[in-house]
Amino acid sequence: MSAGVLRSDWTPAYAAVPRAAFLPELMWPFDMKTARSVPVSQSEDPEAWHGWANSDVPIVTQWDDGQHSGTEPGEVSTSSASMPSVVFRMLNDLDVQPGNRVLEIGTGTGWSAALLAHRLRPENVITVELDSAVAAQARTALNLFGLAVSVINRDGLKGYAEGAPYDRIIATCGFRSVPFTWVQQSRPGAVIVAPWGTHYGNGDAVGRLVVARNGESATGPFTGPVEFMKARAQRLSPVVHSEYVSGSVLARAKSLTTLTEADVVGERFSPQRFAIGLRLRDCLCVEADKRDGKRPVWFYGLRDRSWACVMFRDGADAQVWQSGARRLWDEVESAYRWWVDKGSPDYGRFGLTVTAEGQSAWLDDPADSWPV
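Residues numbered from 1 in each chain as written. Predicted model: local features only at pLDDT ≥ 70, side-chain atom pairs only at ≥ 80, totals over all residues. Heavy atoms only, no water.

S.K.: Break down the overall build of the protein for me, with residues and values.
M.R.: Broken down by element type, the protein carries nine helices and 20 strands. For 372 residues, the compact-globule estimate of 2.2 N^0.38 gives 21 Å, and the protein sits close to it at 22 Å. Along the three orthogonal principal directions, the C-alpha set of the protein runs to about 65 × 55 × 35 Å. Counting every position in the protein, which comprises 372 residues, the buried fraction comes to 49%. In the protein, once contacts between residues fewer than 6 apart in sequence are set aside, the share between residues at least 24 apart is 57%. Just so you have it, the protein exposes about 17,000 Å², and 48% of that area is on carbon and sulfur atoms. (Helix = DSSP H or I, 4+ residues; strand = E, 2+ residues; numbered from the N terminus. Rg over C-alpha atoms; globule rule 2.2 N^0.38 Å. Buried < 20%, exposed > 50% of the residue type's maximum accessible area, 1.4 Å probe, protein only. Contact = heavy atoms within 4.5 Å. Areas by Shrake-Rupley, 256 points an atom, 1.4 Å probe, with all protein chains shown as cover.)

Dropping the structure here:
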């Protein structure tokens, strides 16, 4: 686990509640060296199974919303055990206090709920899981471990009014819109911790929101980048390229840009990617693999059929094509230059505000926000 992530107040729970007790017989840990999920069976290779269970890696526990069979990975990972370092980063952000009542959105294996229950007592923790099979497995694991947390099988977007009000709410899946229902079910001053991002990319950032005294909003900064499976109701449907572009792009009129691949793409969790997504509403970015010194990056409008493509080339200015009512590449350039003009801010300078009317992002000051 990353140094400094496991704080002293969580050490007893970590020692008493092993992640292995909540993992299935067949699981798919993510091998960081090969960047692939690998099947591991406890009955066939118990040493490897326990080795992965005790490693700081994410582990897929369900594929394709439960429609998957066999040992090989499926198409889409739909339930998992997060990296322990990420779990404790978010628990640190949650900052639970004795006697707090906590609602968890996304039970998964049940390990996070067990950690919370060990620290706060089971009666103070409620966890909600949409998938009935996942909920049943977690409930069984929690009961066998002696932490009979209430596992509710329902849509977490609706929260759980029957157990409200809550002092803390934590979500363990990625959201594109934080439900105001959670704010309504929280006490004034309550903390909501949730992975959040835009449809621009698959990455998320952990938002730490504090509910206002009047209960009419929740606002707070992002604490750092993460990447979570998305809440099922907020997943983006696959974009069909042929519905946007027909024929050869190379035959169309093009322009050049001085922005580089490092400027726009950067590393996996580069802050400019997050910032560009905050400034471009309803836009999806798709990065192709790099071949022969070239990497095409596509941008698709989600409100219409506008599109743009930039071809980054080693040692030369990038070529740009764009079409439609929105000039998406122009918007990308504008967003990037805005980020640079603001001092190339990292995640922690950005924040999110949620009200009954919607949500807005901000940089440094919640009073200076824009809708997202």
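S.K.: Kindly report on the pattern of salt bridges, identifying the contributing residues and their values.
M.R.: Tallying each qualifying case throughout the model produces 19 salt bridges. Where E261 meets K290, a salt bridge forms, and the shortest distance between an N and an O atom there is 3.1 Å. Here K290 lies in the loop between strand 14 (283-287) and strand 15 (294-301) and E261 lies in helix 7 (residues 261-264), a separation of 29 residues in the sequence. (Salt bridge = Lys/Arg side-chain N within 4 Å of Asp/Glu carboxyl O.)

S.K.: Just give me the short version of the sheet that holds strand 16 (residues 307-313), but keep the residues and values in it.
M.R.: Ordered by their spatial adjacency, five strands build an open sheet running 13-17-16-15-14, and the pairing between neighbours is antiparallel. Looking at the sheet topology across the chains shown, the edges are occupied by strand 13 (255-257) and strand 14. Strand after strand, the sheet turns through a mean of 25° between neighbouring axes, direction not considered. Pairing geometry for strand 13 and strand 17 (residues 316-323), over three bridges, is antiparallel. Paired with T257 across the strands is A318, a residue of strand 17. (Pairing = 2+ DSSP bridges. Axes fitted to C-alpha atoms, helices over the stretch in contact; angles between N-to-C directions.)

S.K.: How would you sum up the nonpolar core? Please name residues and give values.
M.R.: One finds W182, F299, W329 and F350 to be the most contacted residues of the largest nonpolar core, which totals 59 residues. Dropping the residues within four chain positions of it, F350 is found in contact with P221, F222, F274, A275, L278, W338, W339, P345, W362 and L363. V87, A135, A141 and I170 belong to the second-largest nonpolar core, a separate cluster that totals 33 residues. (Core = buried A, V, L, I, M, F, W, Y, C linked by side-chain atoms within 4.5 Å.)

S.K.: Quick rundown of the sheet that holds strand 7 (residues 125-129)? Include the residues and the values.
M.R.: On the basis of which strands lie adjacent, the open sheet formed by ten strands has the order 8-7-6-9-10-11-12-18-19-20 and mixed pairing. Every interior strand has two partners, whereas the edge strands, strand 8 (150-153) and strand 20 (369-371), have only one. Direction aside, neighbouring strands of the sheet carry axes that sit 20° apart on average. Here four bridges tie strand 6 (residues 102-105) to strand 9 (residues 166-171), and the two strands are oriented parallel to one another. Looking across to strand 9, one finds that V102 is bridged to R168. Where helix 8 (residues 271-279) meets the sheet, its contacts fall on strand 10 (186-196), strand 11 (204-211), strand 12 (217-226), strand 18 (350-355), strand 19 (358-363) and strand 20, and the angle it forms with strand 18 comes to roughly 35°.

S.K.: How would you sum up the packing of helix 8 against helix 9 (residues 328-341)? Please name residues and give values.
M.R.: Relative to each other, helix 8 and helix 9 sit at 120°, their axes nearing to 9 Å. When the axes of helix 8 and helix 9 are compared, the pair comes out oblique. Crossing of helix 8 over helix 9 shows right-handed handedness. Taking contact as the criterion, the partners of P271, Q272, A275, I276 and R279 in helix 8 are, on helix 9, V332, A335, Y336, W338 and W339. (Parallel < 35°, antiparallel > 145°, perpendicular 65-115°, else oblique. Left-handed = near helix turned anticlockwise from the far one by under 90°.)

S.K.: Please set out the pairing of strand 1 (residues 26-31) residue by residue, giving values where relevant.
M.R.: Pairing between strand 1 and strand 3 (residues 40-41): two bridges, direction antiparallel. Looking at strand 3, one finds that M27 is bridged to V40. In this sheet, strand 4 (residues 59-63) lies alongside strand 1 in antiparallel orientation, the contact comprising two bridges. The residue of strand 4 that forms the bridge with W28 is V60. Relative to strand 2 (residues 36-37), strand 1 runs antiparallel, the two being bridged by two bridges. For D31, the partnering residue across the bridge sits in strand 2 and is R36. Counting the residues in the hairpin turn of strand 1 and strand 2 gives four residues, including A35, whose phi is positive at 55°.

S.K.: Before we move on, can you summarise the environment of I170 with the specific residues and values?
M.R.: Relative to the helices and strands, I170 is located in strand 9. Residues I170 and L94, 76 residues apart in the sequence, show an inter-C-alpha distance of 7.2 Å. Excluding anything up to four places from it in sequence, I170 contacts M90, L91, L94, V102, L103, E104, I105, L116 and V193.

S.K.: Give a detailed account of unusual backbone geometry, specifying residues and quantitative values.
M.R.: The residue after A164, namely P165, is reached through a cis peptide bond having omega 5°. Within the secondary structure, P165 sits in the loop between strand 8 and strand 9. Residue S344 is not a glycine yet carries a positive backbone phi of 50°. By the element assignment, S344 lies in the loop between helix 9 and strand 18. The backbone of D364 sits at a positive phi, close to 70°, despite the residue not being glycine. Within the secondary structure layout, D364 lies in the loop between strand 19 and strand 20. Take D364: its relative accessible area is 47%, and that puts it in the partly exposed class.

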